[in-house]
Amino acid sequence: MDNEKNFVLFADEDGSEYPMEIIDFFEYDGEEFAMLMEADDEHDDECSECDCDERDIYIMQVLEDEEGEVFVPVDDDKLDEIVDALEQFFSEYNDIEEE
């Protein structure tokens, strides 16, 4: 598996920047989305000294414009649908892994 991490930089209205790690891209209902989490240089994937495996996951819609990929917040109703579908997928995946 490729261990190279992909990052994007988000900026808020005050100009503060927040690096986010792209965990994965996926398609739902014919649209592309990305799962992201806050980038954290202090901890790696194998960290056992803290609860860094309990970090928040963000879901953004991925659109294309003339400059490339644009990450757009998902409206709450659509986000609920996506989260339900992902929970179902991971539940079924874990059931298969346990067999």
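Values in this document were obtained by computation on a predicted structure and should not be read as measured data. (Residues numbered from 1 in each chain as written. Predicted model: local features only at pLDDT ≥ 70, side-chain atom pairs only at ≥ 80, totals over all residues. Heavy atoms only, no water.)

**Quick notes on a negative patch on the surface**
Together, E27, E32, E64, D65, E66, E67 and E69 line one region of the surface with negative charge. By relative accessible area, which is 57% here, E64 ends up exposed. (Patch = residues over 30% accessible without salt bridge, like charges linked within 9 Å, V, L, I, M, F, W, Y side chains within 5 Å. Areas by Shrake-Rupley, 256 points an atom, 1.4 Å probe, with all protein chains shown as cover. Salt bridge = Lys/Arg side-chain N within 4 Å of Asp/Glu carboxyl O. Lys, Arg positive; Asp, Glu negative; His and termini not counted. Charge placed at Lys NZ, Arg CZ, Asp CG, Glu CD. Buried < 20%, exposed > 50% of the residue type's maximum accessible area, 1.4 Å probe, protein only.)

**Overview of the sheet that holds strand 1 (residues 6-11)**
Taken together, five strands build an open sheet; the order of strands is 1-2-3-4-5 and the sheet is antiparallel. Looking at which strands have only one partner, the edges of the open sheet turn out to be strand 1 and strand 5 (68-73). Sheet twist, expressed as the average angle between the axes of neighbouring strands with direction ignored, equals 45°. Sheet topology places strand 4 (residues 58-65) next to strand 5; six bridges connect them, and they run antiparallel. (Pairing = 2+ DSSP bridges. Helix = DSSP H or I, 4+ residues; strand = E, 2+ residues; numbered from the N terminus. Axes fitted to C-alpha atoms, helices over the stretch in contact; angles between N-to-C directions.)

**Observations concerning the nonpolar core**
If you look at the biggest cluster of nonpolar residues, it comprises eight residues: V8, M20, I22, A34, L36, M60, V62 and F71. When contributions to this core are tallied by element, the ones reaching two or more residues are strand 2 (17-28), strand 3 (31-38) and strand 4. Filtering out sequence-adjacent residues up to four positions away, M60 remains in contact with F10, E32, F33, A34, L36, F71, V72, P73 and V74. One finds F33, I59, I82 and L86 within the second-largest nonpolar core, a separate group that totals seven residues. (Core = buried A, V, L, I, M, F, W, Y, C linked by side-chain atoms within 4.5 Å. Contact = heavy atoms within 4.5 Å.)

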